[in-house]
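The residues making up each chain are set out below.
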Amino acid sequence: MTQHWFRLYVQRIDTTRNMARFYAMSIEPDLFGGSALIRRWGRIGTRGQERIDLFKDDAEAIGRFLFLARQKRARGYRPQAHT
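Remember, predicted model here, so these are calculated numbers, not experimental data.

## Structural notes on the packing of aromatic side chains
- A complete count under the given rule lists four aromatic pairs for this structure.
- Taken together, a centroid distance of 5.8 Å and an interplanar angle of 65° make the contact between Phe 6 and Phe 65 edge-to-face. Of the two residues, Phe 6 sits in strand 1 (residues 6-14) while Phe 65 sits in helix 1 (residues 58-74), which places them 59 residues apart along the sequence.
- Judged by centre distance (6.4 Å) and plane angle (25°), the ring pair of Tyr 23 and Trp 41 falls under stacked. Highlighted residues: Tyr 23 in strand 2 (residues 19-29) and Trp 41 in strand 3 (residues 35-43), separated in sequence by 18 residues.
- We classify Tyr 23 as buried; its relative accessible area is 4%.
- Taken together through their ring pairs, the aromatic side chains of Tyr 23, Trp 41 and Tyr 77 make up a single cluster.
- Sitting over the ring of Tyr 23, Lys 72 keeps its end group 4.4 Å from the ring centre.

## Some remarks on a positive patch on the surface
- Residues Arg 17, Arg 21, Arg 43 and Arg 75 make up a contiguous surface patch of positive charge.
- Residue position: Arg 75 is located in the loop between helix 1 and strand 5 (78-79).

## As for the nonpolar core
- Counting residues in each nonpolar core, the largest one holds ten residues, listed as Val 10, Tyr 23, Met 25, Ile 27, Leu 37, Phe 55, Ala 61, Phe 65, Leu 68 and Tyr 77.
- Once residues within four sequence positions are removed from consideration, Tyr 77 is found in contact with Val 10, Gln 11, Arg 12, Arg 21, Phe 22, Tyr 23 and Lys 72.

## Some points on the sheet that holds strand 5
- The strand order across the open sheet built from five strands is 4-3-2-1-5, with neighbouring strands paired in antiparallel fashion. Where the open sheet ends on each side, the last strands, each with one partner, are strand 4 (49-55) and strand 5.
- Pairing of strand 3 with strand 4, which is carried by seven bridges, proceeds in the antiparallel orientation. In the strand pairing of strand 4, Ile 38 is matched with Ile 52.
- The strands touched by helix 1 are strand 1, strand 2, strand 3, strand 4 and strand 5; relative to strand 2, the strand with the most contacts, the crossing angle is about 170°.

Basis of the calculations
In every chain, residue numbers begin from 1 and rise along the written sequence. Where local features are concerned, this predicted model is filtered to residues with pLDDT of at least 70; where side-chain atom pairs are given and counted, the filter is 80 or more; whole-chain, interface and lining totals use all residues. Side-chain metrics in this entry use all non-hydrogen atoms of the structure; hydrogen atoms and water are not considered. The aromatic pairing rule takes the rings of Phe, Tyr and Trp, using the six-membered ring of Trp, and pairs them if the centres are within 6.5 Å, calling planes under 30 degrees apart stacked, those over 60 edge-to-face and the rest tilted. Helical segments are the DSSP runs of H or I of at least four residues, strand segments are the runs of E of at least two, and each set is numbered from the N terminus. For each residue, the accessible area found with a 1.4 Å probe, counting protein chains only, is set against the maximum for its type, and the residue is called buried under 20%, exposed over 50%, and partly exposed in between. Look at NZ for Lys and CZ for Arg. If either is within 6 Å of the ring centre and within 35 degrees of the ring normal, a charge sits over the ring. The patches reported here contain residues having more than 30% relative accessible area and no salt bridge. Joining distances are 9 Å for like charges and 5 Å for nonpolar side chains (Val, Leu, Ile, Met, Phe, Trp, Tyr). Residue burial considers only the protein chains on display, and all accessible areas are found by Shrake-Rupley using a 1.4 Å probe. Any carboxyl oxygen of Asp or Glu within 4 Å of a side-chain nitrogen of Lys or Arg constitutes a salt bridge here. Residues scored as charged are limited to Lys and Arg (positive) and Asp and Glu (negative), so that His and the chain ends carry no count. To locate a charge, the coordinates of NZ of Lys, CZ of Arg, CG of Asp or CD of Glu are taken. Only buried residues count toward a nonpolar core. Its members are Ala, Val, Leu, Ile, Met, Phe, Trp, Tyr and Cys residues joined through side-chain atoms within 4.5 Å. Whether two residues are in contact is decided by their heavy atoms: any pair within 4.5 Å suffices. Strand pairing follows a simple DSSP-based rule, namely that at least 2 bridges must link the two strands. In this analysis, axes come from line fits to C-alpha atoms, helices being fitted only over the stretch in contact, and the angle between any two N-to-C directions falls in the range 0 to 180 degrees.

And the structure:
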C-alpha cells in the first residue's frame, strides 16, 4: 500500500457551448488492503456522479489513474484549484 495520495481535479469550460464540467479522481486505500480509484464528474456547481473502482494493488490503480488523466487532457480538461 502506497503512502502517496493521488488526486486530480480538472475542468472544461466552453461558454460558446454552455459547457462547464468537472472531473475529479483520487486513489485511496480500501478496507481490504487494495486500492480504490474514486471518480466524480458532472456539471460545475452540482454534486455530479461518482464511481469507485477497486484494484488489488497500487500499480493497477495508478495505471488507470494516469490513463484517465491523459484521456481527459486530450478532451480539453485543464487542472484547476479545487476548494
